[in-house]
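Close look at the chain arrangement
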Amino acid sequence: MEEDEFIEVRFNLPGFDKKDFHIEIQRYSVRIKAERKQSHEIVRKDSYKSHQSSAAVYREMALPSEVVPDSAETKYEQGILAIKLRKKAARKAEKQKAK
């Protein structure tokens, strides 16, 4: 979603915790890496069961406008990672007077 002063990008990444994400923002792109590992053990008198699983994702998105990387506001709710970035202000043309 693009507004006059901001760009907001959203990623559908269910099953992760906030601490699982590594987000890298550059002037024209956003990179997201996430990894989770889980293990479950069931120990009974006559048996032992162990289950391990892992998941990893990598996403990269090109941005339509230049942004200020340090301006990121992130939110992760119900499996959706939203990142709001402020656009870099365009330089205004300076008026030159002829001498």
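Comments concerning the overall build of the protein
- Regarding its fold elements, the protein presents zero helices and six strands.
- In sequence order, the secondary structure elements of the protein are arranged as β-β-β-β-β-β.
- Across the 99 residues that make up the protein, the buried fraction comes to 26%.
- Of the roughly 8,300 Å² that the protein leaves accessible, carbon and sulfur atoms contribute 45%.

Description of the pattern of salt bridges
- For the structure shown, the criterion picks out eight salt bridges.
- Arg 10 is paired through a salt bridge with Glu 8; the nearest N and O atoms lie 3.1 Å apart.
- Judged by its relative accessible area of 17%, Glu 8 falls in the buried class.
- Glu 35 is the partner of Lys 37 in a salt bridge, and the nearest nitrogen-oxygen pair spans 4.0 Å.
- For Lys 37, a relative accessible area of 66% corresponds to the exposed category.
- Residues participating in the shared-partner salt-bridge network are Asp 17, Lys 19 and Asp 20.

Some words on the layout of surface pockets
- A volume near 180 Å³ is recorded for the largest pocket.
- Taken together, Glu 8, Arg 10, Glu 73, Thr 74, Lys 75, Tyr 76, Glu 77, Ile 80, Ala 82, Ile 83 and Lys 84 form the lining of the largest pocket.
- Elements that contribute at least two residues to the lining of the largest pocket include exactly strand S1 (6–12), strand S5 (73–77) and strand S6 (80–86).
- Here the lining of the largest pocket gets five residues from one element, more than from any other, and that element is S5.
- Grouping the amino acids of the lining of the largest pocket by side-chain chemistry returns four nonpolar, one polar and six charged.

Conventions used here
Residues numbered from 1 in each chain as written. Predicted model: local features only at pLDDT ≥ 70, side-chain atom pairs only at ≥ 80, totals over all residues. Heavy atoms only, no water. Helix = DSSP H or I, 4+ residues; strand = E, 2+ residues; numbered from the N terminus. Buried < 20%, exposed > 50% of the residue type's maximum accessible area, 1.4 Å probe, protein only. Areas by Shrake-Rupley, 256 points an atom, 1.4 Å probe, with all protein chains shown as cover. Salt bridge = Lys/Arg side-chain N within 4 Å of Asp/Glu carboxyl O. 1 Å grid on protein atoms, 1.4 Å probe; cavity = no way out; pocket = protein on both sides within 12 Å on 5 of 7 lines; lining within 4 Å. Points joined across faces, edges and corners; volume = space filled by probe spheres on them. Nonpolar A, V, L, I, M, F, W, Y, C, P; charged D, E, K, R; others polar.

Take it as geometry only, folks, not as evidence of what the structure does.
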